[in-house]
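Reading the structure
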Amino acid sequence: MARYIFITGGVVSSLGKGLTSAALGALLQARGFSVRLRKLDPYLNVDPGTMSPFEHGEVFVTDDGAETDLDLGHYERFTGVAARATDSVSSGRIYSSVLEKERRGDYLGKTIQVIPHVTNEIKDFINIGDDEVDFQLCEIGGTVGDIEALPFFEAIRQFSQDKAPGQCIFMHLTLLPFVAAAGELKTKPTQHSVKELRSIGIAPDILVCRSEHPIPDKERDKIALFTNVRRDAVIPAYDLKSIYEAPMAFHKVGLDQAVLDAFQISPAPRPDLGRWRDVEDRIHNAEGEVRVAVVGKYTSHTDAYKSIAEALTHGGMANRVRVSAEWVDAEIFEAEDPAPHLEGFHAILVPGGFGERGTEGMIRAAQFARTRNIPYLGICLGMQIAVTEAARNMAGITDAGSEEFDLEAGKKRFTPVVYHLKEWVRGNYTVRRRQDDDKGGTMRLGAYTAVLEEGSKVAAVYGATEIEERHRHRYEVDVKYRDALEAVGLKFSGMSPDGRLPEVVEWQDHPWFIGVQFHPELKSKPFAPAPLFADFIRAAKEVERLV
Ligand code: GLN
């Protein structure tokens, strides 16, 4: 039976609930406990798969093929526990499952209500895998008081009543705003937020208070007094230079101890924080900097490529070098020479993406990297771009392109070296899709095996000839162009086990040019950087040495 920690937020959104949960998960692991982290999101989308990454941030894909919230990425990066489809749920999914059961007649003619039917559905979800880990951390999206979140708050209240006393605790994250005119941190919003939580029957055991300024003892006492939370369970959370400092920072202010106290776990097992000390050492003792241009569709939402940004940081940590990633809008050089925009970077990365916008610029960026011997990492769309560039400029297929863009434009312009995949093999069964299927879940999603050619660069990078990485795409490089492209030097060095789907391409006579159909960034961790990112940054560092 697991112990449960429910994490809620108040005052304002974006306080870093996801990171706090992830860091706490890491600290409990350091004390020898097994953990699983979950996210319960109040929005009505069934999953984030159809939500714009420019609005909601990146879609994080799990091994078992679920499209989930980007917070699951934080959880995985901090704990190393591979996220699963059952680690993320939304109101939309809960309601659609309740309605499905209603249509099937499962409720035997009863009137369907939020309490108990919706709340029961949520509780059943939280209970999944109850006997698998020591601690389950469940983060509720949004802030207390949100209308959509109410069934979730009610469900976790009931859940803690259903379980044995002391099996569940509540942790609430708030903000202490600083009013410059008065020179004071204000505790009132925190008091109100806790009051609101209490009014729906939840009394927090732990408060984590975000603040840009040190919290004086007197304010901490006041918060404890007015919120009825033990003083040593009022935990300050200050801004950090790197998110990876969070586990050590929270440990120093006693978060993990407060959690163990709340569960009355005594004596508390001593923590082994070696992993996080090493991570901090790598962050603080980096030498030099490599500049990486991430050439994509312009985005002002930095979370749209969250895992890429993090994986680049991990690659830097592996090489003890700082990585400065700059987002370059591919549209600005769609019709001109990209050199003025790309000179000065040590490496170029073209990330995943959907739609035609900006792709002509990305093709020029790939050509620039190829001809100037600049390290290039193409991920998903970035691999398709690299293949298109090779087809057009080296293999004489001058009108090469992706079927995705023709379908989007509603006219035929390209020779489809990248085509819409409608049928593929997963394990020992065949998946079939139609073009007009629902948008949700029609992609090749989740972990697939790739077989790497012995002696290839990518096999050397992984130190293996069989790997598993996560996918999220509808289109594939057409294997029928393999011979033509290999003849000009673009090797198809990784294939699906049945040999039909190209997984990796690499230029043979280039210092480092690799395109992969999968997303290596999703499995990268600060303490175990993704091999492709670690080696990409190593290669970028070599470039620096040459300059
Ligand atoms: N749009 C491309 C496809 O669907 C690439 C997807 C991606 O980069 N994730 O195949």
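Right above here is the structure, for reference.
Residues numbered from 1 in each chain as written. Predicted model: local features only at pLDDT ≥ 70, side-chain atom pairs only at ≥ 80, totals over all residues. Heavy atoms only, no water.

**Brief notes about the site of the ligand**
To keep things clear, this is the line we draw: A cutoff of 4 Å decides nearness: a residue is near a molecule or strand if any of its heavy atoms lies inside that distance of it. Between N or O atoms, a polar contact is any pair within 3.5 Å; within protein, one atom must be a potential hydrogen donor and the other a potential acceptor, and residues adjacent in sequence are included only when both atoms are from side chains. Per-residue and other accessible areas were derived by the Shrake-Rupley procedure at a 1.4 Å probe size, with only the shown protein chains allowed to occlude residues. Residues are grouped as follows: Ala, Val, Leu, Ile, Met, Phe, Trp, Tyr, Cys and Pro are nonpolar; Asp, Glu, Lys and Arg are charged; all remaining types, including Gly, are polar.
Around the ligand, the surrounding shell consists of G352, G353, F354, C380, L381, Q384, E404, R472, H473, R474, Y475 and H519. Contacts to the ligand include R474, whose backbone N or O atom sits 2.9 Å from an oxygen atom. At 3.4 Å, a side-chain N or O of H519 approaches a nitrogen atom of the ligand. With the chains in place, 99% of the 290 Å² that the ligand exposes on its own is no longer accessible. Here the shell around the ligand is composed, by residue class, of 4 nonpolar, 5 polar and 3 charged.

**Observations regarding helix 1 (residues 17-30)**
Note: α-helices contain 3.6 residues per turn, so residues at a spacing of three or four share the same orientation. For clarity, the threshold we go by: Every helix listed is a DSSP run of H or I at least four residues long, and every strand listed is a run of E at least two residues long, numbered separately from the N terminus. One less than the number of residues in a helix, times 1.5 Å, gives the span that helix is expected to have. The buried label goes to any residue with under 20% of its type's maximum accessible area, the exposed label to any with over 50%, and the partly exposed label to all in between, with areas taken from a 1.4 Å probe on protein chains only.
With 14 residues, helix 1 ought to run about 20 Å at 1.5 Å a step, and its terminal C-alpha atoms sit 20 Å apart, in line with that. For helix 1, the tally of buried residues reaches 12 of 14 residues, placing the bulk of the element in the interior. Looking one or two places after helix 1, you find G32, whose phi comes out positive at around 95°.

**Brief notes about the sheet that holds strand 12 (residues 289-296)**
The condition is simple: Only strands that DSSP links by at least two bridges are regarded as paired with each other. The axes used here are C-alpha line fits, helices contributing only the stretch in contact, and every angle between their N-to-C directions lies in the interval 0 to 180 degrees. The criterion used for residue contact is that any of the two residues' heavy atoms lie within 4.5 Å.
Strand order in the open sheet formed by 9 strands is 13-12-14-15-25-24-23-20-21, and the pairing between neighbours is mixed. Sheet topology places strand 13 (322-329) and strand 21 (466-473) at the edges, where each strand pairs with a single neighbour. Along the sheet, successive strands turn relative to each other by an average axial angle of 25°, direction set aside. Contacting strand 12, strand 13, strand 14 (347-350) and strand 15 (376-379), helix 12 (residues 306-318) crosses the sheet at an angle of about 150° to strand 13.

**Some thoughts on the pattern of salt bridges**
Short version of the rule: Salt bridge criterion: a side-chain nitrogen from Lys or Arg within 4 Å of a carboxyl oxygen from Asp or Glu.
Under the criterion given, the structure shown has 39 salt bridges. Between D303 and K306 there is a salt bridge, with the nearest N and O atoms lying 3.9 Å from each other. Residue classification places D303 among the partly exposed positions, given a relative accessible area of 26%. Residue R538 is joined to D535 by a salt bridge in which the shortest nitrogen-to-oxygen separation is 2.8 Å. One end of the pair is R538 and the other is D535, both in helix 19 (residues 531-546) and 3 residues apart, which spans about a single turn. Judged by relative accessible area, R538 falls into the partly exposed class, the value being 34%.

**Overview of the packing of aromatic side chains**
Threshold: Pairing of aromatic side chains here covers Phe, Tyr and the six-membered ring of Trp, requires ring centres within 6.5 Å, and sorts the geometry by plane angle: under 30 degrees stacked, over 60 edge-to-face, intermediate tilted.
Throughout the structure, instances matching the rule amount to 13 aromatic pairs. Judged by centre distance (6.2 Å) and plane angle (10°), the ring pair of Y4 and F6 falls under stacked. For Y4, a relative accessible area of 0% puts it in the buried group. You can call F6 buried: its relative accessible area is 0%.

**Some points on the nonpolar core**
Definition in use: Working definition of a nonpolar core: buried Ala, Val, Leu, Ile, Met, Phe, Trp, Tyr and Cys residues. They are joined through side-chain atoms within 4.5 Å.
Formed by 56 residues in total, the largest nonpolar core has its most connected members in I5, L28, F135 and I206. The biggest single contributor to this core is helix 1, with 7 residues. By size, the runner-up hydrophobic cluster in this structure holds 41 residues, among which are M362, A366, M383 and I385.

**Focus: the pairing of strand 23 (residues 490-495)**
The side chains of a regular strand alternate, first on one face of the sheet and then on the other. Within strand 23, 6 of the 6 residues are buried, which leaves it mostly tucked inside the rest of the structure. Turn length for the strand 23-strand 24 (residues 502-507) hairpin, with the two strands adjacent in sequence and antiparallel, is 6 residues, and the turn residue G499 shows positive phi of about 75°.

**Description of helix 11 (residues 274-284)**
Here is the rule we go by: Note: the arc covers the axis-to-C-beta directions of the helix.
Those residues of helix 11 that fall on the buried side of the exposure criterion are W276, V279 and E280. Within helix 11, the buried residues cover an arc of 95° as seen down the axis, which keeps them to one side. On the buried face of helix 11, the contacting elements are helix 1, helix 3 (71-79), helix 9 (246-252) and helix 12.

**Considering the sheet that holds strand 17 (residues 415-420)**
In spatial order, the strands read 16-17-22; together these 3 strands make up an open sheet with mixed pairing. Unpaired on one side and paired on the other, strand 16 (400-402) and strand 22 (475-477) mark the two borders of the sheet. When the angles between neighbouring strand axes are averaged without regard to direction, this sheet yields 35°. Where strand 17 meets strand 22, 3 bridges bridge the pair, whose relative direction is antiparallel. Each residue of the ladder has a partner; that of V418, found in strand 22, is V477.

**Side note on unusual backbone geometry**
With an omega dihedral of 10°, the bond running from I115 to P116 counts as a cis peptide bond. For the peptide bond that leads from S266 to P267, omega is 0°, which places it in the cis range. Tracing the chain through its elements places P267 in the loop between helix 10 (255-262) and helix 11. Unlike most non-glycine residues, R320 shows phi in positive territory, near 50°. Assignment of secondary structure puts R320 in the loop between helix 12 and strand 13. Positioned with a positive phi, N373 is a non-glycine residue whose angle comes to about 60°.

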